[in-house]
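Here is what each chain is made of, one letter per residue.
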Amino acid sequence: MTGFLNRRLLVLGALSAPLTARAQFRVEVSGLGMAQLPIALPALRGEGVAPQAVSAVVRADLERSGMFRAVEAGGAVVDETSQLDSALWRQRGADFMVAGSISALANGSFDVRFRLWDAVRAQDLGGQAFAVTRSDLRGVAHRIADFIYEKLIGEKGVFSTRITFVTRAGGRHTLWVADADGGNPQPVRFSPEPIISPSWSPSGSHLAYVSFESRKPDIFVLDMKTGRPRLMANFRGSNSAPAWSADGRQIVATLSRDGGSQIFAIDATLGGEPRRLIQSGSIDTEPVCSADGRWIYFVSDRSGSPQIYRMATSGGQAEWVNTGLRYNISPAVSPDGRFIAFVARLDNAFRLHLMDLSTRAVTPLSDTAADESPSFSPNGRLILYATQQQGRDQLMTTTLDGRIRAALLGQNGSIRDPQWGPYAQ
Amino acid sequence: MKSRPMIAMSVLAVSLLLGACGSRVKLNEVAVEDRNITGANAAASSGAAGGAGSASGSGASSAQGAGAALAPATSAGASIAPSDLAARKGPAAVPSDLALVIYFDYDSFEIKPEFQPVVQGHARYLSVNKDRKLVLEGHTDERGGREYNLALGQKRAESVSRALSVLGVTGAQVESVSFGQETPAATGSDEVAFQKNRRVEFRYR
């Protein structure tokens, strides 16, 4: 099938600093959603002149969302100026249709145009035009997918957002930022020592992460504009699991400076003396703040096995979130606060689960055994996580019903610790 | 070899103390250090391993054994330059027969009986050499979440730190940190590798 999108992920070579080694990845969508909109996305006219298969990126974006099903376009040659042949497209099973064009401009940039139609109502739903450089063609594809998603689903798309993740290859650890589909990966930090737990600030302007470059875990904050990291916490002992408060003013993290792994809040701008949020003789870690600013969800082994709890953002009493499962780690809260995604251990399989906090229903979302680090897309419709398939590390997305899972990035080395960033501001 | 009654008794004492206090013994609180970000530890491991030549005879006695490292560094031809040792201000080397790694059971942070003499040996060394600083690095196997494993590794390191403190080592000499699953000693995804990875490393700096 043509449901693949082959791109090259540039991965750092073991010894050489520049991007040398290459690994292939593909976006592969499988599974059947409940009510997917059938849409036809023929190749843009003139797409061959561009170094980027824009229509394929659009199609993969839409399919990954779980809301769309691509209908075979049968080699139709159409563009944004064409008259819609609604009978033809309906006959092919498409309710919606997108057509457009790419032309190379004299200055080396590209003109990209598209139009969206409702084939059922024979209605023009609008279009857009972009004049962009070669390096922005992927970005244009994501913008087109966002336009279609917003028009037809009625809420904001997440295709133009970014994700972060960490790779390890030949003793080199690299922190990356990439498009939401894993494309266009850019290294933002290298280290000979491990990097873990990157966490986006609510505005996307900073990335907090844990680095072992001083032979112990310390928390750094990377300014995405300058590319410069700032030391946030290197207190005696271990400093880890950074998460941002909803307003971005504080970093909540696990520090062992007073003994035990305990949760503290640190002023994200000033740093200074951390404020302890909760006191226990057990492990308290993996804090994550709800977007409404009310709650901090975290993991504690105070009952003997790791369980999820929550407390008020100001700290205080812990309230148990009973998943009904014995071993639960790595909670993520959906943007609307209704769901938590987490990893549960069942018979030595670490599997992604979803809990609806309003009904208390808990559902497994994967059939893999080494799931890690879930995070929600900013519209709450998808979960990004790391796992292993056929012995390879893999980044995946899934819909909240677990029906549409898509492989984003995979490689033979280690790729892990993904987190989905916020909407661009 | 190790069946000397004194060691046996102190092992018993450690176990009793650990047993009695469970995991609730508080670490000594220490002022926050704001260290520079440097690779300070490249030196740590070599420091721990270095200077070992003298310690071959240190099995002879108990608590003062570590001090024996100040004896002449080589036996053959050592008499030619006698002034060097007197000028040396550095601390005694860690006894060469003292293990620098101990291992743990799955999901456990309890010091196994067979490793208590190791903890004790480090306690003796640190008590005699008050200016030596030890970093306890806790590690886990690869199973489970990275951050939760980091906390488990921390628990292992702190369990050793508590045992040292019970044996009289001052808190300022010891820092417990964790690497979680990030730096395995052995690669592989089987129990053989896992066993080698669930560990606490003693690193002197």
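Here is what the cut-offs are and how they apply
Think of each chain on its own: its residues are numbered from 1, step by step along the sequence as written. Each chain is given a letter, starting from A, and each ligand a number, starting from 1, according to the order in which they appear as written. Per-residue local features of the predicted model are confined to residues with pLDDT of at least 70, and side-chain atom pairs are confined, for both listing and counting, to 80 or more; whole-chain, interface and lining totals are unaffected and use all residues. Each helix is a run of DSSP H or I of at least 4 residues and each strand a run of E of at least 2, with the numbering of both proceeding from the N terminus. Remark: C-beta atoms are placed from the backbone, and a residue is labelled buried if 20 or more other C-beta atoms sit within 10 Å of its own, exposed if 12 or fewer do, or partly exposed between those counts. Distance between backbone-placed C-beta atoms decides contact: two residues are in contact if it is within 7 Å. Polar here means any residue outside two lists: the nonpolar Ala, Val, Leu, Ile, Met, Phe, Trp, Tyr, Cys and Pro, and the charged Asp, Glu, Lys and Arg; Gly therefore counts as polar. Throughout the structure description, domain borders are defined by an automatic or database domain assignment. Paired strands, in this sense, are two strands between which DSSP finds at least two bridges. Fitted lines through C-alpha atoms give the axes, limited to the stretch in contact for helices. The angle between two N-to-C directions lies from 0 to 180 degrees. What a helix should span is 1.5 Å times the count of its residues minus one. Residues of type Ala, Val, Leu, Ile, Met, Phe, Trp, Tyr and Cys that are buried and joined through C-beta atoms within 7 Å form what is called a nonpolar core. Between 65 and 115 degrees an angle is taken as roughly perpendicular, under 35 as roughly parallel, over 145 as roughly antiparallel, and anywhere else as oblique. Left-handed describes a crossing in which the near helix is turned anticlockwise from the far one by less than a right angle; the clockwise case is right-handed. Note on handedness: a clockwise path from strand one over the helix to strand two, with the strands aimed away from the viewer, defines a right-handed crossover.

J.: Tell me what's going on with the overall build of chain A, and back it up with residues and numbers.
T.: In terms of regular secondary structure, chain A is built from three helices and 32 strands. Seen along its three principal axes, the alpha-carbon backbone of chain A occupies a region of about 70 × 50 × 40 Å. Counting the 425 residues in chain A, one finds 54% classified as buried. Across chain A, contacts joining residues at least 24 apart in sequence account for 45% of those joining residues at least 6 apart.

J.: Which residues make up the overall build of chain B, and what values do they have?
T.: When helices and strands are counted, chain B shows six helices and four strands. By the burial criterion, 38% of the 205 residues in chain B qualify as buried.

J.: So what's going on with the environment of valine 177 of chain B? Residues and values would help.
T.: Looking at the element boundaries, valine 177 of chain B is found in strand S3 (residues 174-180). Note: C-alpha distance between valine 177 of chain B and glutamine 154 of chain B (23 residues apart in sequence) is 5.7 Å.

J.: How would you summarise the interface of chain B and chain A if you had to cite specific residues and measurements?
T.: With 29 residues of chain B at the contact, the number on the chain A side is 35 residues. For the side of chain B that touches chain A, the secondary-structure elements that each account for two or more residues are helix H5 (146-166) and S3 of chain B. At eight residues, H5 of chain B tops the list of elements feeding residues into the side of chain B that touches chain A. Split by residue class, the side of chain B that touches chain A holds ten nonpolar, eight polar and eleven charged.

J.: Any details on the domain arrangement of chain A? Residues and values, ideally.
T.: Domain assignment breaks chain A into domain 1 (6-10 + 24-153) and domain 2 (162-420). If you average the C-alpha positions of domain 1 of chain A and of domain 2 of chain A, the two centres end up 33 Å apart.

J.: Describe the sheet that holds strand S4 (residues 199-204) of chain B, and please don't skip the residues or the numbers.
T.: Residues and elements named next belong to chain B. The sheet built from four strands is open, its strands ordered S1-S4-S2-S3 with mixed pairing. Only two strands of the sheet have a single partner each, and these edge strands are strand S1 (101-103) and S3. For this sheet the average axis-to-axis angle between neighbouring strands, irrespective of direction, equals 20 degrees.

J.: How would you sum up the sheet that holds strand S20 (residues 284-289) of chain A? Please name residues and give values.
T.: Within the open sheet, the four strands sit side by side as S20-S21-S22-S23 (chain A). Their pairing is antiparallel. Both outer strands of the open sheet, S20 and strand S23 (319-321) of chain A, are each paired with one neighbouring strand and no more. When the angles between neighbouring strand axes are averaged without regard to direction, this sheet yields 35 degrees. The sheet contact formed by S20 of chain A and strand S21 (residues 295-300) of chain A spans four bridges and is antiparallel. Of the residues in S21 of chain A, the one forming a bridge with valine 288 of chain A is tyrosine 297 of chain A. Strands S20 and S21 of chain A of the sheet are contacted by H5 of chain B, whose axis makes an angle of about 150 degrees with S20 of chain A.

J.: A description of the environment of asparagine 129 of chain B should follow, citing residues and the corresponding values.
T.: Residue and element names in this part refer to chain B. Turning to its location among the elements, asparagine 129 is positioned in the loop between helix H4 (116-128) and strand S2 (134-139). Judged by C-beta crowding, with 20 C-beta atoms within 10 Å, asparagine 129 ranks as buried. Taking the C-alpha atoms as reference points, asparagine 129 and proline 113, 16 residues apart in sequence, are found 25 Å from one another.

J.: Any details on helix H3 (residues 137-153) of chain A? Residues and values, ideally.
T.: All names here are of chain A. Over its 17 residues, H3 runs 24 Å from end to end, which matches the ideal 24 Å to within 8%, given 1.5 Å per residue. Among all positions of H3, only Leu137, Arg138, Val140, Ala141, His142, Arg143, Ile144, Ala145, Phe147, Ile148 and Tyr149 are buried. Packed against the buried residues of H3 are helix H1 (54-64), strand S6 (96-104), strand S7 (110-118), strand S8 (123-132) and strand S10 (172-179). Residue glycine 154 follows H3 closely and has a positive phi angle near 85 degrees.

J.: I'd like a rundown of the nonpolar core, residues and numbers included.
T.: Counting 124 residues, the largest nonpolar core has Ile39, Val54, Met97, Ala253, Ile340, Ala341 and Ile383 of chain A as its most contacted members. Residue-level mapping places this core at the junction of two domains, with at least three residues from each of domain 1 (6-10 + 24-153) and domain 2 (162-420) of chain A. In this structure, alanine 341 of chain A is in contact with Ala332, Leu352, Leu354, Pro374, Phe376 and Ile383 of chain A, ignoring residues within four places of it in sequence. Listed in part, the 22 residues of the second largest apolar core include Ala92, Leu98, Ile111 and Phe202 of chain B.

J.: Talk me through the pairing of strand S32 (residues 414-420) of chain A; I want residue IDs and the actual numbers.
T.: Here is the key point about a regular strand: its side chains alternate between the two faces of the sheet. Residue and element names in this part refer to chain A. Of all seven residues that make up S32, six are buried, and the element is covered over most of its length. Where strand S9 (residues 162-169) lies against S32, five bridges are found, and the strand directions are antiparallel. Looking across to S32, one finds that arginine 168 is bridged to serine 414.

J.: Give a description of H1 of chain A that names residues and reports values.
T.: Residue and element names in this part refer to chain A. Along H1, eleven of the eleven residues are buried, which leaves the element largely enclosed by surrounding structure. Along H1, the positions that sit buried rather than exposed are Val54, Ser55, Ala56, Val57, Val58, Arg59, Ala60, Asp61, Leu62, Glu63 and Arg64. Note on H1: the residue one or two positions beyond its end, glycine 66, has a positive phi of about 80 degrees.

J.: Now, about the packing of H1 of chain A against H3 of chain A: what can you tell me, with residues and values included?
T.: Residue and element names in this part refer to chain A. For the pair H1 and H3, the least separation of the axes is 8 Å and the interaxial angle reads 45 degrees. With respect to H3, the element H1 is oriented oblique. When the axes of H1 and H3 are compared, the crossing they make is right-handed. Taking contact as the criterion, the partners of Val54, Val57, Val58, Asp61 and Leu62 in H1 are, on H3, Leu137, Arg138, Val140, Ala141, His142, Ile144, Ala145, Ile148 and Tyr149. Across the contact of H1 with H3, the residue classes break down as eleven nonpolar, one polar and two charged.

J.: Give me the lowdown on the packing of H4 of chain B against H5 of chain B, citing residues and values where you can.
T.: Residue and element names in this part refer to chain B. The geometry of H4 relative to H5 is characterised by a closest axis approach of 9 Å and an angle of 55 degrees between their N-to-C directions. Relative to H5, H4 is oriented oblique. Viewed along their axes, H4 and H5 form a crossing whose handedness is right-handed. Judged by residue contacts, Val119, His122, Ala123 and Leu126 of H4 engage Val160, Ala163 and Leu164 from H5. Its residues placed into classes, the contact of H4 with H5 shows six nonpolar, one polar and no charged.

J.: Describe the pairing of strand S5 (residues 68-71) of chain A, naming the residues involved and giving the relevant values.
T.: All names here are of chain A. Where strand S4 (residues 37-40) lies against S5, four bridges are found, and the strand directions are parallel. What sits directly across from alanine 40, in S5, is valine 71. Note on the crossover from S4 through H1 to S5: the handedness is right-handed.

J.: Outline unusual backbone geometry, supporting the account with residue identities and numerical values.
T.: Residues and elements named next belong to chain A. Its identity is not glycine, yet arginine 215 carries a phi of approximately 60 degrees, on the positive side. Assignment of secondary structure puts arginine 215 in the loop between strand S13 (206-211) and strand S14 (218-223). For arginine 215, a count of 21 C-beta atoms within 10 Å corresponds to the buried category. In this structure, glutamine 390 is a non-glycine residue whose phi angle is positive, near 50 degrees. Overall, glutamine 390 belongs to the exposed group, with 6 C-beta atoms counted inside 10 Å.

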